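# Notes for the structure review
Next come the chains, spelled out residue by residue.
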Amino acid sequence: APPLAAIVGRRSVPRRDHVIVVGMGQVGIRLCVQLRAQGVPVVGVERDGRAPWLRLARTLGIPVVVGQGEDRQVLERLGLRRCRALAAVASDDLDNIGVAVAAAAVAPLVAVVLRAGEHEAISETRSLLPLGVTRDVTVIAAGFVTAHLRGRRPRAMIADSHEVYAESESGSVEPVTLSTRESCGHR
C-alpha cells in the first residue's frame, strides 16, 4: 500500500476500537476532543495539509493523517475494519457521502456517522444506500433551545424518527413540541 502523505500531531495512530474522523475543521476537532474525553481513541483525516485547524490538532495531540478520506487504501491503513466507527464530518456534504461510500466498500459492518445538510444529493443518497438511522441535528438543537426557553433544563436530548424528547436531570423524558419547517413563519 502507498505510504500515507503525512501525520500531524501525535505520531502513533490507534490500531483498534478507535474512531476515524474525516474532516478536521471545527466540527472534526470538537468531535475528537469529546471522544477522547470519553476515553475513545481517535485519528483524524484531513485532505489539506495547510488547513488552519491542523495546528490546533497538533497542540491537542490528536493524530491526523493528511490524505483523502474517500481513498480506500487510506481507510484500510487506518484500520477501518478494526475501528468502532467512522465519522465523515467535513463541511462539504458530497465529500462526506464519498467517504461513506468508500467506507461501506471497505468495511460494510462499521458504523458510519455522516454530517449532511440540506443538499439535494442527500435525499438521493438515502434512496441508493442503506444509510441506517438518520437524525436531523438541527431539529435536535431546536428542541434543546425550545426546552430551555420553556424553562426546562434538559440533561440530554433524545430523537426518534418522528419526535424529539428532553431528558431532565431527574431522568424523566418528555416530548418537545416543535413547529414543522413548512408551518414556521420565520423563514
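Up top you'll find the structure we're talking about.
Residues numbered from 1 in each chain as written. Predicted model: local features only at pLDDT ≥ 70, side-chain atom pairs only at ≥ 80, totals over all residues. Heavy atoms only, no water.

## Some details on the overall build of the protein chain
If you tally the helices and strands in the protein chain, you get six helices and nine strands. Sorting the 187 residues of the protein chain into buried and exposed places 35% on the buried side. (Helix = DSSP H or I, 4+ residues; strand = E, 2+ residues; numbered from the N terminus. Buried < 20%, exposed > 50% of the residue type's maximum accessible area, 1.4 Å probe, protein only.)

## Things to note about the environment of histidine 162
Summarising the element assignment, histidine 162 is placed in the loop between strand 7 (156-159) and strand 8 (164-167). Given a relative accessible area of 75%, histidine 162 falls into the exposed group. Sequence separation between histidine 162 and arginine 135 is 27 residues, and the spatial gap between their C-alpha atoms is 9.6 Å.

## Notes on the nonpolar core
Ranked by size, the top nonpolar core spans 19 residues in total, and within it Ile20, Val22, Val43, Leu75, Leu78, Leu80 and Leu86 carry the most contacts. The leading source of residues in this core is helix 4 (residues 93-106), at four residues. Excluding anything up to four places from it in sequence, leucine 86 contacts Ile20, Val22, Leu75, Leu80, Val99, Ala103, Val110, Ala111, Val112 and Val113. Val42, Ala51, Leu54 and Val66 belong to the second-largest nonpolar core, a separate cluster that totals 16 residues. (Core = buried A, V, L, I, M, F, W, Y, C linked by side-chain atoms within 4.5 Å. Contact = heavy atoms within 4.5 Å.)

## Brief notes about the layout of surface pockets
Roughly 260 Å³ of volume is contained in the second largest pocket. Secondary structure elements with two or more residues in the lining of the second largest pocket: helix 1 (26-37), strand 3 (42-46) and helix 4. Of the residues that constitute the lining of the second largest pocket, the class distribution is 10 nonpolar, eight polar and six charged. (1 Å grid on protein atoms, 1.4 Å probe; cavity = no way out; pocket = protein on both sides within 12 Å on 5 of 7 lines; lining within 4 Å. Points joined across faces, edges and corners; volume = space filled by probe spheres on them. Nonpolar A, V, L, I, M, F, W, Y, C, P; charged D, E, K, R; others polar.)

## Quick look at the pairing of strand 8
Pairing between strand 7 and strand 8: four bridges, direction antiparallel. Paired with methionine 157 across the strands is alanine 166, a residue of strand 8. Bridge analysis of strand 8 against strand 9 (residues 173-176) gives four bridges, and the strand direction is antiparallel. When the bridges of strand 9 are listed, tyrosine 165 appears paired with proline 175. (Pairing = 2+ DSSP bridges.)

## Regarding helix 6 (residues 137-149)
An α-helical segment advances 3.6 residues per turn. Residues three or four places apart therefore align on the same side. Between the first and last C-alpha of helix 6 there are 18 Å, a value that for 13 residues agrees with the 18 Å anticipated at 1.5 Å per step. Buried residues of helix 6: Gly143, Thr146 and Ala147, and no others. Down the axis of helix 6, the sector holding all buried residues measures 100°, keeping them to one side. Opposite the buried face of helix 6, by more than 90 degrees, sit the exposed residues Val137, Thr138 and Leu149. Close packing links the buried residues of helix 6 with strand 7, strand 8 and strand 9. (Expected span 1.5 Å × (residues − 1). Arc of directions from axis to C-beta.)

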